[in-house]
Amino acid sequence: MKRALFLITACLLMAGYNLSLWRTEGTLSATLETRLKQIDWLDQAIIARASSPPRPPAPPARGALALMKQLELEAKRANLDKLLTRMDQQSDHAVRLIYDEVSFNRLINWLNQVHHSNGLQPQSVTIKRLPTAGRVTAELEYR
């Protein structure tokens, strides 16, 4: 009787162990499938990035006055010139723009436009939210 009970217990333990392995294999299979999908997505992203148009070249070094004129022209083009509170020269090659109140979305779109049309990127950006929804103050420094 003890032997039969021992055999039954051993069979149940083996069956549980096999079931555990089967579940682990199913989990590993699902994890592998997820990882393969992520790799596919990454491959597609790399291919899309490689086929996208190249970024504009870095702008040549320019003086602050030329930079001010270019930024002023870009602000006028985006109808942000009237919202510009102040633009001043920080050094021979640096310009600071201050907006006391501007639409966040318009500002971000303008930054993107300036970058894509001229290759200019701000050296520093400080944005603070205002109580009015979607409105911010911004301080930008270009070099």
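Look up a bit, the structure's there.
Residues numbered from 1 in each chain as written. Predicted model: local features only at pLDDT ≥ 70, side-chain atom pairs only at ≥ 80, totals over all residues. Heavy atoms only, no water.

Draft legend 1. Representation of the pairing of strand β4 (residues 135-142) in the model. Summarising the sheet, strand β2 (residues 94-103) and β4 pair through 7 bridges and their orientation is antiparallel. Residue pairing in the sheet places V102 in a bridge with V136 of β4. Bridge analysis of strand β3 (residues 124-129) against β4 gives 6 bridges, and the strand direction is antiparallel. Among the inter-strand pairings, R129 is bridged to a residue of β4, identified as V136. Taking the residues that link successive antiparallel strands as the turn, the β3-β4 hairpin has 5 residues, and the phi of G134 there is positive, at about 80°. (Pairing = 2+ DSSP bridges. Helix = DSSP H or I, 4+ residues; strand = E, 2+ residues; numbered from the N terminus.)

Draft legend 2. Looking closely at the nonpolar core. Counting 22 residues, the largest nonpolar core has L71, L97, Y99, L107, W110 and Y142 as the members making the most contacts within it. Counting residues per element, the ones that place at least two in this core are α2 (64-77), β2, α3 (104-118) and β4. Sorting elements by how many residues they give to this core places α2 first, with 5 residues. In contact with L71, other than residues within four places in its own chain, are M87, V95, L97, W110, V114, L120 and Y142. (Core = buried A, V, L, I, M, F, W, Y, C linked by side-chain atoms within 4.5 Å. Buried < 20%, exposed > 50% of the residue type's maximum accessible area, 1.4 Å probe, protein only. Contact = heavy atoms within 4.5 Å.)

Draft legend 3. Broad picture of the pattern of salt bridges. Counted by the stated rule, this structure contains 8 salt bridges. The residue E33 makes a salt bridge to K37 at a minimum N-O spacing of 3.7 Å. Taken together, the residues span about one helical turn, with E33 and K37 both in helix α1 (residues 2-51) at a distance of 4 residues. Of the residues examined, E33 reaches a relative accessible area of 45% and is grouped as partly exposed. Owing to a relative accessible area of 54%, K37 belongs among the exposed residues under this scheme. With a shortest N-O distance of 2.9 Å, R96 and D88 are connected by a salt bridge. Note on R96: relative accessible area 17%, which makes it buried. Salt bridges sharing partners connect three or more residues here, namely R86, D88, R96 and E139. (Salt bridge = Lys/Arg side-chain N within 4 Å of Asp/Glu carboxyl O.)

Draft legend 4. Spatial organisation of α2. Between its terminal C-alpha atoms α2 stretches 20 Å, which fits the 20 Å expected from 14 residues at 1.5 Å a residue. Taken as a whole, α2 has its buried residues at A64, L67, M68, Q70, L71, E74 and A75. Projected down its long axis, α2 shows its buried positions confined to an angular sector of 165°, all on one face. Facing away from the buried surface of α2 by more than 90 degrees, the exposed residues are L65 and K69. (Expected span 1.5 Å × (residues − 1). Arc of directions from axis to C-beta.)

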